[in-house]
Amino acid sequence: MTEQQENNQPSFLDLLLEAHVGLERQGPGSRETVERALSFLGDLSRFESIADLGCGTGGQTLVLAEYLSGNIVGLDMFPEFVRELDKKALRSGLSERLKGIVGKMEELPFEKNSLDLIWSEGAIDNIGFEKGLSHWRAFLKEDGMIAVTCPSWLTSVHPEEAEKFWTDAGSKLDLIEDNIKIMQDCGYQFVVAFALTEDCWTKNYFEPREQAINELIEKYNNCNTVKEYAELNRCEAELYRKYKQLYGYVFYIGRNTDNSNLRGGLL
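Residues numbered from 1 in each chain as written. Predicted model: local features only at pLDDT ≥ 70, side-chain atom pairs only at ≥ 80, totals over all residues. Heavy atoms only, no water.

J.: Please explain the confidence of the model for the chain as it appears in this structure.
T.: Segments scoring low in pLDDT should not have their predicted coordinates read at a detailed level. Looking at the chain as a whole, its pLDDT mean stands at 93, while 93% of the residues score no less than 70. Across residues 1-6 the pLDDT falls below 50, and counting only partners more than four positions away or on other chains, this stretch makes 10 contacts in the model. (pLDDT = per-residue confidence, 0-100. Contact = heavy atoms within 4.5 Å.)

Below you can see the structure in the form of structure tokens.
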């Protein structure tokens with residue numbers, strides 16, 4: 001607990017953690033999306049060493065553990081999220097092969113050429129799509145796979161209001177075809193890309209987050225910082241509803257190979 005929390009004046013970071021630590025997911029996504037992405041990876045039994053980067057409390061990590069028999073490490077910069085992931089792994093009887101560690105995506109603690117699969121949902125844009133793909137590739141084995149989601153433009157229409165929001169949030173949105181080229185230029189064989197459905201945003205993320213925010217408003221007696229935090233999050237949800245045909249999270253799947261010019265498909 002920070003000093004601000006002790007004085008009943010939480011910071012934006014305090015509120016972000018409190019609002020999200022109890023959620024199944026810390027960003028847009030779904031079990032069905034994870035299953036769909038896994039369907040493009042081929043023989044799942046070959047993935048013995050897996051890392052889920054920016055894992056949050058493990059909404060997708062636990063689904064991965066259902067389908068993959070290998071060892072999974074969930075990495076996140078927030079200890080609160082990692083503790084929740086470890087609790088869930090213990091309750092699910094998965095703690096022997098699923099564990100969480102605190103770390104940074106731009107400073108991975110793994111050995112080079114040691115991972116069969118790198119998974120990351122809603123996190124790579126925090127360090128940049130190209131930077132993340134380039135840095136993480138060194139930790140993949142030859143023929144290893146990468147599966148990430150990144151906010152992307154779905155059309156060539158880029159409203160200034162939406163562009164400003166994402167820029168202010170520290171994310172740079174590119175067209176899907178531009179990100180595919182980045183993936184290939186980073187040395188991956190592009191396999192497939194597909195956009196997440198609307199429910200991944202609304203039903204699975206915005207709605208439970210709104211409930212958590214309302215609880216924070218009551219807890220902190222409607223303090224100004226909480227009001228500002230709530231307004232920012234509600235603006236994000238409203239912006240998505242307004243422009244959901246123009247941008248969204250997209251899954252990008254690639255293979256670590258020198259044959260990076262081999263082309264996959266856009267779904």
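This is not the end of the story, as more comes after the structure.
J.: Before we go on, may I ask you to explain helix α9 (residues 198-219) in this structure?
T.: An α-helical turn contains 3.6 residues, so a residue and the one three or four places further along point in the same direction. For α9, spanning 22 residues, the distance from its first C-alpha to its last is 30 Å, which sits close to the expected 32 Å at 1.5 Å a residue. Most pronounced at Phe206, the bend in α9 amounts to some 35°, and the proline Pro208 follows within four residues. Taken as a whole, α9 has its buried residues at Cys200, Trp201, Thr202, Tyr205, Phe206, Arg209, Ala212, Ile213, Leu216 and Ile217. Residues of α9 that are buried make contact with α2 (12-21), α3 (31-38), α7 (160-168), α10 (224-243) and β8 (247-256). (Helix = DSSP H or I, 4+ residues; strand = E, 2+ residues; numbered from the N terminus. Expected span 1.5 Å × (residues − 1). Bend = angle between axes of the 7 residues up to and from the residue. Buried < 20%, exposed > 50% of the residue type's maximum accessible area, 1.4 Å probe, protein only.)

J.: Looking at this structure, I do not really get the pattern of salt bridges. What am I missing?
T.: Any two side chains of opposite charge can pair, on the condition that their charged atoms come close. Tallied over the entire structure, the rule returns 15 salt bridges. The closest approach of N and O atoms between Glu35 and Arg31, which form a salt bridge, is 3.3 Å. On the criterion of helical spacing, the pair formed by Glu35 and Arg31 is a turn pair, its members being 4 residues apart in helix α3. Taking relative accessible area as the criterion, Glu35 reaches 25% and is therefore assigned partly exposed. Among the residues examined, Arg31 registers a relative accessible area of 35% and is labelled partly exposed. We note a salt bridge from Arg46 to Asp143, for which the minimum N-O separation is 4.0 Å. In this pair, Arg46 sits in the loop between α3 and β1 (49-53) while Asp143 sits in strand β5 (residues 140-153), placing the two residues 97 residues apart along the sequence. The partly exposed category is assigned to Arg46, whose relative accessible area is 27%. (Salt bridge = Lys/Arg side-chain N within 4 Å of Asp/Glu carboxyl O.)

J.: Just checking my understanding: could you explain the environment of Asn233 for this structure?
T.: Inspection of the secondary structure puts Asn233 in helix α10. When the C-alpha atoms of Asn233 and Asp116 are compared, they prove to be 36 Å apart, with 117 residues separating the residues in sequence. When sequence neighbours within four positions are dropped, the list of residues in contact with Asn233 reads Arg209 and Ile213.

J.: Sorry if this is basic, but what is going on with the nonpolar core here?
T.: The nonpolar side chains of soluble globular proteins are, as a tendency, buried together. Among the nonpolar cores identified, the biggest contains 45 residues, and Leu41, Trp119, Tyr247 and Ile253 are the most heavily contacted of them. Filtering out sequence-adjacent residues up to four positions away, Tyr247 remains in contact with Ser152, Trp153, Leu154, Ala162, Trp166, Leu173, Trp201, Glu236, Leu239 and Tyr240. Of all hydrophobic cores here, the second largest spans 30 residues; its members include Ala51, Leu75, Ile124 and Phe139. (Core = buried A, V, L, I, M, F, W, Y, C linked by side-chain atoms within 4.5 Å.)

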